[in-house]
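# A look at the structure
For reference, the chains in residue letters:
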Amino acid sequence: MSEVLQDVTLSIGGVDRTVDVAPRSLRLQDVLGHRLDRLSFDLRGAAPDLWAPVRLTVAGVVVFTGYLLQLRRDDRLDAPMHCEAVDEGILLDRKVVTAAYEGMYDGEIIKDLVASAGLGLDTSGVQNVKWITRVRFNRRTLRDAIQRLADLAGGAAWYVHDGALYYWNGAGASAPFGFSEMPDWVTTYPAERVDKQDDATGVVNMVEVVGATYSSEPTTMYLQGTGGDTRLNLYFRVRPAPGESAVQVWRNDGDDAAPSWTPLTVKAGYIDTLDGADEVLYYYQEKALEAPSPWPDLKKVAKVYGVYEIPLRVRVRSDASIAHYGQVLQKAVIDTSLASKEEARLAGKRVLAESAFAKTALTVETKRPGLRSGQVLTVSYPSVGVDGEYLIHQVTMTIGPRGAASFTVRAGVYDPDLVDLLLALARDDEPAWNDEEVLDELLENAEAVALAETQAVSEDSAPYVFDKARWDFARFS
């Protein structure tokens, strides 16, 4: 007797095709984040249309809604078709966004974007997470726009399911049930298997952030001469102070005890030449000044006024993690888009918030449907050291030997304090606004023009009637 699916219904294009599905071929993967959920199966019978709506229910619970995007067939006799479907979020990849928003919550922006795209998605499950001062999307897909807002909110979570878009702060909604060694059979049930893994390979408790450079306050720097060299080396690359057209340089024509400062004309090295004794060449890249004659042997032979570029280097540490593990575990973060110490500190704090302590990974196997990525699952199995709340990262559905669905749930420790910290860090971080970016949109205009033509014909003009056409000529009679 052939296997049949138990308590599973698969419809394609509104037609129930459950009996045509090879049971063990059915596989569903639901992943936390902006990745698309995928459903694959082998199908016999008539080939469905591509982009046909696909709906999968298990024991009356809708576990997948999406569209059929791939069909694979071969010439083997009675070989089934292999089908691949992705969730409704694929529609977000087919809408391009060109818009700018100021002074709105991210949830309000998402609702406006979805409404403008005309997808008809229910957005009542979209929450306001972060106040956005200004944000701009220039020819981005709707998926990219939503994910950018989620990133700005410090890791907000979202997904599309059964005609609705859900967006929240990443804290996770409670799962409809949990698992326990002592189940009450109402809110908790026994699991088929529970596996716990503690992983400290990614622990980091000191982060060095390397960014771009930032400008100092206008500063006067004093340089020391050697008495035999026409060049002076600067400590930094110096640029003109605000309001000045060039770097300002003075030469000490006195001594260290009683300096006498003579202003010099600053020219560009490799471009200009020295024509007088009170001139100096400035080599920006080499960080050097060159005079017509050797600089005197003085501790303060010259002074330079301007602003200099400071390499951005910030080190952030978790003392609690260092004390717990008894050693410093370092990581370097290089991001040239960081232009201030505060931005660099925030980048380092994010790494420490997520990596200062070991992560616990949990795998639970069950036959009960209804769990989704992003939900907070309660598991109490003291025998394996599990007793707490876990954020579901992935749910995979497969079909067993007798046609029954089983679910493998992968989750990690849910820490509300960590979520609050990441959200607080995100609130301190403003989205970048590029004033040079232009929002342009090409509009197609369809113009309908009604044409009326009249022609005067004399009475003796014969009526020209199209009689017949052949391959190589036409005849009028």
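Here, every reference points to the structure presented above.
Residues numbered from 1 in each chain as written. Predicted model: local features only at pLDDT ≥ 70, side-chain atom pairs only at ≥ 80, totals over all residues. Heavy atoms only, no water.

## Details of the overall build of the protein
What counts, and what does not: A run of DSSP states H or I qualifies as a helix once it reaches four residues; a run of E qualifies as a strand once it reaches two. Both are numbered from the N-terminal end. Burial classification: accessible surface area is computed with a 1.4 Å probe over protein chains only, and a residue below 20% of its type maximum counts as buried, one above 50% as exposed, and the rest as partly exposed. Pairs of residues are marked as contacts when any of their non-hydrogen atoms sit within 4.5 Å. In these tables, accessible area is a Shrake-Rupley quantity obtained with a 1.4 Å probe, and a residue counts as shielded only by the protein chains included in the view.
Looking only at helices and strands, one finds five helices and 31 strands in the protein. Among the 477 residues that make up the protein, the fraction classed as buried is 41%. Here the analysis covers contacts within the protein between residues at least 6 apart in sequence; of these, 66% occur between residues at least 24 apart. Of the roughly 27300 Å² of accessible surface on the protein, 48% is carried by carbon and sulfur atoms.

## What to know about helix 4 (residues 341–355)
The condition that has to hold: Expected span of a helix: the number of residues minus one, times 1.5 Å.
Over its 15 residues, helix 4 runs 21 Å from end to end, which matches the ideal 21 Å to within 8%, given 1.5 Å per residue. Among all positions of helix 4, only Ala 344, Leu 346, Ala 347, Gly 348, Val 351, Leu 352, Ala 353 and Ser 355 are buried.

## Quick word on the packing of helix 1 (residues 106–117) against helix 2 (residues 142–152)
Heads up, the rule is: Axis angles are defined between N-to-C directions and span 0 to 180 degrees, where every axis is a line fitted to C-alpha atoms and, for a helix, only to the segment in contact. Any angle from 65 to 115 degrees is called roughly perpendicular, while one under 35 is roughly parallel, one over 145 is roughly antiparallel, and all others are oblique. Ten residues, namely Ala, Val, Leu, Ile, Met, Phe, Trp, Tyr, Cys and Pro, are considered nonpolar, four, namely Asp, Glu, Lys and Arg, are considered charged, and the remaining ones, Gly among them, are considered polar.
At a minimum axis distance of 10 Å, the contact between helix 1 and helix 2 shows a crossing angle of 175°. The orientation of helix 1 relative to helix 2 falls into the category roughly antiparallel. Every residue of helix 2 that contacts helix 1 at Asp 106, Ile 109, Ile 110, Leu 113, Val 114 and Ala 117 is listed here: Leu 142, Ala 145, Ile 146 and Leu 149. Classifying every residue of the contact of helix 1 with helix 2 by side-chain character gives nine nonpolar, no polar and one charged.

## Notes on the packing of aromatic side chains
Put simply, the rule reads: The criterion for an aromatic pair is that two Phe, Tyr or Trp rings (for Trp, the six-membered ring) have centres within 6.5 Å, with stacked assigned to planes under 30 degrees apart, edge-to-face to planes over 60 apart and tilted to the rest. Note on criteria: charge over ring means Lys NZ or Arg CZ within 6 Å of the ring centre, with the direction from the centre no more than 35 degrees off the ring normal.
Counted under the stated rule, the structure contains twelve aromatic pairs. Members of the aromatic cluster, each reached through a chain of ring pairs, are Phe 177, Phe 179, Trp 185 and Tyr 189. Cation over ring: Lys 303 sits above Trp 250, and NZ or CZ is 4.9 Å from the ring centre. Its end group placed over the ring of Tyr 189, Arg 368 keeps NZ or CZ at 3.7 Å from the ring centre.

## Some words on the pattern of salt bridges
Operational definition: Only one rule defines a salt bridge in this text: a Lys or Arg side-chain nitrogen within 4 Å of an Asp or Glu carboxyl oxygen.
Overall, the coordinates contain 16 salt bridges when judged by the stated rule. With a closest N to O distance of 3.9 Å, Glu 208 and Arg 315 form a salt bridge. Of the two residues, Glu 208 sits in strand 16 (residues 206–215) while Arg 315 sits in strand 24 (residues 302–317), which places them 107 residues apart along the sequence. The exposed category is assigned to Arg 315, whose relative accessible area is 55%.

## Some remarks on unusual backbone geometry
In this structure, Trp 51 is a non-glycine residue whose phi angle is positive, near 70°. Within the secondary structure, Trp 51 is located in the loop between strand 4 (38–43) and strand 5 (53–58). Of note in this structure, Arg 139 is not a glycine but carries a positive phi near 55°. Tracing the chain through its elements places Arg 139 in strand 10 (residues 131–141). With relative accessibility at 48%, the residue Arg 139 sits in the partly exposed group.

## Details of the side chain of Ser 355
Position of Ser 355 relative to the elements: it lies in helix 4. Leave out the neighbours within four places in its chain, and Ser 355 touches Gly 202, Val 203 and Val 204.

## Overview of the nonpolar core
Note the threshold: To define a nonpolar core, start from buried Ala, Val, Leu, Ile, Met, Phe, Trp, Tyr and Cys residues and group those joined through side-chain atoms within 4.5 Å.
With 42 residues, the main nonpolar core has Leu 26, Leu 39, Phe 41, Leu 56, Phe 179 and Met 397 as its most contacted residues. If sequence neighbours within four positions are ignored, Phe 179 has contacts with Tyr 189, Pro 190, Ala 191, Val 364, Thr 366, Leu 371, Leu 377, Thr 378, Val 379, Ser 380 and Tyr 381. Formed by 28 residues, the second largest nonpolar core is a distinct cluster that contains Val 97, Val 135, Leu 142 and Leu 152.

## Here we look at the sheet that holds strand 12 (residues 164–168)
Which entries qualify depends on this criterion: Strands are treated as partners if at least two bridges between them are detected by DSSP.
One open sheet holds the three strands; their spatial order is 9-12-11, and the pairing between them is mixed. Looking along the sheet, the strands with just one partner apiece sit at the ends: strand 9 (122–126) and strand 11 (157–161). Ignoring which end each strand starts from, the neighbouring axes of this sheet average 15° apart. Two elements, strand 9 and strand 12, share three bridges in a ladder whose sense is parallel. Its bridge partner lying in strand 12, Val 126 is registered against Tyr 167. The strands touched by helix 1 are strand 9 and strand 12; relative to strand 9, the strand with the most contacts, the crossing angle is about 165°.

## So, the pairing of strand 3 (residues 27–31)
Of the strand pairs in this sheet, strand 3 and strand 4 are connected by three bridges, and their pairing is antiparallel. When the sheet's bridge partners are listed, Leu 28 is paired in strand 4 with Leu 39. With five bridges joining them, strand 3 and strand 28 (residues 386–399) adopt antiparallel strand pairing. When the bridges of strand 28 are listed, Asp 30 appears paired with Val 395.

## Structural notes on the pairing of strand 29 (residues 405–413)
In summary, the side chains of a regular strand alternate between the two faces of the sheet. Here strand 26 (residues 359–366) runs beside strand 29; their pairing, made up of six bridges, is antiparallel. Of the residues in strand 29, the one forming a bridge with Leu 362 is Ala 411. Count of turn residues in the strand 28/strand 29 antiparallel hairpin: five residues, of which Gly 403 carries a positive phi of about 85°.

## Looking at helix 1
To keep things clear, this is the line we draw: It is the directions from the helix axis to the C-beta atoms that the arc portrays.
If you check helix 1, its first and last C-alpha atoms are 17 Å apart, about what twelve residues at 1.5 Å a residue would give, namely 16 Å. Taken residue by residue, helix 1 has Asp 106, Gly 107, Ile 109, Ile 110, Leu 113, Val 114 and Ala 117 as its buried positions. End-on view of helix 1: buried residues confined to an arc of 160°, all on one side of the axis. Counted as exposed and oriented over 90 degrees from the buried face of helix 1: Ala 115 and Ser 116. Looking at the buried positions of helix 1, the neighbouring elements they touch are strand 8 (96–105), strand 9, strand 10, helix 2 and strand 12. Directly after helix 1, the chain includes Gly 118, whose backbone phi takes a positive value near 70°.

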